[in-house]
Amino acid sequence: MDQALSATVETAFGRVAGTAKDGVLRFNGIPYAKAPTGKLRWQMPEPPEPWTGVRDCTRFGAIAPQIQGNAEAILGGTAGAKSEDCLFLNIWTPACDGQKRPVMVWIHGGAFVTGAGSTGTYNGKHLVARGDVVVVTINYRLGAFGFLNLKDATEGKCPGTGAEGVADQIAALRWVKQNIAQFGGDPGNVTIFGESAGGMSVGALLASSRARGLYHKAIPQSGACDIGIARERSAKIARLVLDKLGVAPSEVGKLLEAPWEAILDAQKEVLAQPRETGGLPFGPTIDGDILPRRAIHCVRDCSAKGVAVMTGTTRDEWKLFTAAATKLRLMDSAKLRSLTAGLVGEAADGVLAAYSEGSSFDKWNAVMTDHSFAIPAIRLAEAQGRHGSAYLYRFDWASPFLGGVIGACHAIELGFVFGTYNEKLAGAFFGTGAKADALAIAMMESWIAFAKNGDPSNAITGPWPRYEAASRKTMIFGDGDPRVVDAPNERRREAWAEIPETAIGP
């Protein structure tokens, strides 16, 4: 069926009109908060202004200011011009008929500096058609606009605690709770899911009392609860941004009036100084309010009691980041030990003893996969399993891209979760064919089952046991039938068991 104007829907802020195609209604570019511009820059989000008439929601809204790279093309492109006025969400639904369908709210990744809910891979139409669910994707403030601790950097003269991006996500969830019933969704059955920085955002939301009651299930993919930047570090990063802007901490007016392009340029310069900033310089600050402590500590202390959690990683996460690192491919064992010591200090020899396969380069990829992704996921499953149900998966499907050298790398599961693996240029990265088709169905069925009832078991996977320390049962998705494995990579997990949380994660 050709695209046609759908029926309009009344929200708490005004009427919206979207489009209908192939049995799926789509509403794009719905504002869930006021534009965070002018005096609202670096402030907590405020509810949107009501409007009169019918708002045209047939096109995606603007995306947050960011420096885009080549990944957008691989992931199906990202629609929308850049603007600080970026707090929009998008909805895919089977019908606006008053039925109470499970709601799946997607939080995009991109290291907290890139991405948008309008990225092609995140098209919700396949999940909606397969599972009779409602899918929502959101934008949130990124980089220096959403994660800049200016309050400490300016001694309280300027707003901005470094957690505004997470506050945006909470505001979007509040909008969903208030309005999603009008789109055929159940506000009492909301699943938050996200990947990479989006998965870490889910981890932050599990920790935040501000988000409590706005969601009921959570799927952090390749990102967990080992998240939270100390205020001292985030204030240092904010001061670096001010220096690049040439603005003194006392010049609040200049900060609020600076063009967003200039702030983005300053952010780019700061990102080019990893020795000064460390990894992921822009991310949620432990501000004492939105994020009260490092997220894993909050979860251990029951911050998400009763919330079902499904989490996991890809088998070869880090290979995406070293695909072009030709010098690293030549590393010897001495270099491997030096790099590992930079992560865990004197524990390096004990950690490396658990990695016996492949070259030094292969071992480094495995070490970093565990350090940044797999161990945080396991620790989240262990922590949440004490207060609710937890499930763990690993994604082993290898990308055919670049001759297969990136393996089952970071982000490779995305096209299969959304069923968009073979659209446009995506197939070159995700892979296609009968096995890819079967894998996508298995992934979508699992995510849909979890969204419906908090248990990902389905006819394709069979029973999916909860994650428990005694058996550490993990569902493996790959190029064959999904299967449950007891304690995969157990020796590697044990090697990290005594490593403190400050030494793992992003």
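Cut-offs and rules
Residues numbered from 1 in each chain as written. Predicted model: local features only at pLDDT ≥ 70, side-chain atom pairs only at ≥ 80, totals over all residues. Heavy atoms only, no water. Helix = DSSP H or I, 4+ residues; strand = E, 2+ residues; numbered from the N terminus. Rg over C-alpha atoms; globule rule 2.2 N^0.38 Å. Buried < 20%, exposed > 50% of the residue type's maximum accessible area, 1.4 Å probe, protein only. Contact = heavy atoms within 4.5 Å. Areas by Shrake-Rupley, 256 points an atom, 1.4 Å probe, with all protein chains shown as cover. 1 Å grid on protein atoms, 1.4 Å probe; cavity = no way out; pocket = protein on both sides within 12 Å on 5 of 7 lines; lining within 4 Å. Points joined across faces, edges and corners; volume = space filled by probe spheres on them. Nonpolar A, V, L, I, M, F, W, Y, C, P; charged D, E, K, R; others polar. Expected span 1.5 Å × (residues − 1).

**Student:** Would you explain the overall build of the protein in this entry?
**Tutor:** If you tally the helices and strands in the protein, you get 19 helices and 13 strands. For 506 residues, the compact-globule estimate of 2.2 N^0.38 gives 23 Å, and the protein sits close to it at 22 Å. Along the longest, intermediate and shortest principal axes, the C-alpha atoms of the protein span 65 × 60 × 45 Å. In the protein, which comprises 506 residues, the share counted as buried stands at 57%. Nonlocal contacts in the protein, meaning residues at least 24 apart in sequence, comprise 74% of its contacts between residues at least 6 apart. Entry remark: accessible area of the protein is about 19200 Å², with carbon and sulfur atoms responsible for 51%.

**Student:** I tried to follow the layout of surface pockets on my own but got confused; where do I start?
**Tutor:** Any empty space left between atoms is shown by rolling a water-sized probe over those atoms. Considering only enclosed or pocket space, the second largest pocket measures out at about 380 Å³ in volume. Along the walls of the second largest pocket sit 17 residues, with Asp316, Glu357, Asp362, Ala366 and Arg492 positioned nearest its centre. Per-element tally for the lining of the second largest pocket: the top contributor is helix H15 (residues 360–385), with five residues. Its residues placed into classes, the lining of the second largest pocket shows four nonpolar, five polar and eight charged.

**Student:** Got a minute to help me understand empty space enclosed by the protein in this structure?
**Tutor:** Summed over the entire model, instances satisfying the criterion amount to five cavities of 30 Å³ or more. Of the pockets and cavities examined, the largest cavity occupies roughly 260 Å³. Forming the boundary of the largest cavity are 22 residues, of which Ala374, Ile378, Arg394, Pro488 and Asn489 lie nearest the centre. With six residues, the single largest contributor to the lining of the largest cavity is H15. Along the lines of polarity and charge, the residues of the lining of the largest cavity split into nine nonpolar, six polar and seven charged.

**Student:** Can you walk me through the environment of Ala440 in this structure?
**Tutor:** With respect to the helices and strands, Ala440 occurs in helix H18 (residues 434–453). Linking Ala440 and Ser333, residues 107 residues apart in sequence, is a C-alpha distance of 39 Å. With sequence-adjacent residues up to four places away left out, Ala440 is seen in contact with Phe416 and Tyr421.

**Student:** Please explain H18 as it appears in this structure.
**Tutor:** The periodicity of an α-helix, 3.6 residues per turn, causes residues three or four positions apart to be oriented the same way. Taking 1.5 Å per residue as the helical rise, H18 with its 20 residues ought to reach 28 Å, and the 29 Å between its terminal C-alpha atoms agrees with that figure. Of all the residues in H18, the buried ones are Ala436, Leu439, Ala440, Ala442, Met443, Met444, Ser446, Trp447, Ile448, Ala449, Phe450 and Ala451. Trailing H18 by a residue or two, Gly454 shows a phi angle of about 80°, which is positive.

Scope: geometric values only; no functional claims are made or implied.
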